[in-house]
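Understanding the architecture of this molecule
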Amino acid sequence: MFTVLGGSGFIGRNLVRRLRALGHVVDVPARADLPLAGRDLGHVIYAIGLTADFRTRAFDTIEAHVSLAADVLRHNAFSSFLYLSSTRVYANGQDTRETAHLSASPLNPSDLYNLSKLTGEAICLASGRENVRVARLSNVVGPEEAQADTFLGALCREAKAGHIQLQTALDSAKDYIWIDDAVDLLLRIAEQGRHTVYNAASGGQTSHADWCAAIQSRTGCTVAVNDEAPTVSLAPISNERVIEEFAFAATPVLERISEILGMSGSGPDTDPRPST
């Protein structure tokens, strides 16, 4: 049995779909039903989180990334517990291996997300419970990205309107992972992982220029960049651990550009994206 906490979100919903297709019993509690004190939850995947609106919802961010996870770890029986974190925790450094020393500043409002995720990771790893693991996800993309409150989602919406206006430089780059790859990898980590922390990432960088060229080839939109737009990039994410342990090979996300734009025959009801 699996319990997916945060099963209404994009990643959680796809995890639930895959697990049920594999024949697993899956419980997807609503937020209103938490905490679940005293219950045996089987294999837990903790996918509760805030993304774009964390700066204006500080208390909700701490509750989602720390408090609720701590409650489950303290009060529930489970076979395994996988906490979904983010490769954004590497933002202030160049070493992106799972063993890296990480830094963040409480004086920087943008670091609240990183600090809360790291605190969630810390309570998981310090809980004393067996089979507790952390997966740091890079930028997960999927079909109908225009419905998502993400950088790529904004590009897709602007392209459909005919013009992309970039606020950051074309050579800005991040690691992106296709949703099916992410789901498959997370399930393997949850059930078979030998380590406590994993990067769930493609291991490659996709630049803004790459995305814009691929989108232009499908939509014919125009692209412009703001004057003095900054270059915003994370260091390449190390995925050597998942390659070595699971023989992981990522799908090149640019090959899925038609699905990302919703041009491959998948209607908007196939997998609607949440706003956060």
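Residues numbered from 1 in each chain as written. Predicted model: local features only at pLDDT ≥ 70, side-chain atom pairs only at ≥ 80, totals over all residues. Heavy atoms only, no water.

Turning next to the packing of aromatic side chains. By the definition in use, this model includes six aromatic pairs. Between Tyr46 and Tyr83, the aromatic rings sit 5.6 Å apart at their centres with planes inclined by 15°, giving stacked as the arrangement. With Tyr46 in strand β3 (residues 43-46) and Tyr83 in strand β4 (residues 80-86), this residue pair connects regions lying 37 residues apart in the sequence. Residue Tyr46 is classed as buried on the basis of its relative accessible area, which comes to 1%. Here Tyr176 and Trp211 contribute two aromatic rings whose centre-to-centre distance is 5.1 Å and whose plane-to-plane angle is 80°, an arrangement assigned as edge-to-face. With a gap of 35 residues between them, Tyr176 in strand β9 (residues 176-178) and Trp211 in helix α6 (residues 208-219) connect regions that are remote in the sequence. Among the residues examined, Tyr176 registers a relative accessible area of 5% and is labelled buried. Put simply, the rings of Tyr46, Phe78, Phe81 and Tyr83 pair up and form one aromatic cluster. (Phe/Tyr/Trp six-rings, centres within 6.5 Å; stacked < 30°, edge-to-face > 60°. Helix = DSSP H or I, 4+ residues; strand = E, 2+ residues; numbered from the N terminus. Buried < 20%, exposed > 50% of the residue type's maximum accessible area, 1.4 Å probe, protein only.)

What follows concerns helix α4 (residues 151-161). When α4 is considered as a whole, its buried residues turn out to be Leu152, Gly153, Leu155, Cys156 and Ala159. One face of α4 carries all of its buried residues, which in axial projection span an arc of 160°. On its buried face, α4 sits against β6 (139-141), β7 (163-166), α6 and α8 (257-261). In the segment just after α4, Gly162 is the residue with positive phi, at about 110°. (Arc of directions from axis to C-beta. Contact = heavy atoms within 4.5 Å.)

Function cannot be read off these values alone, since they describe shape.
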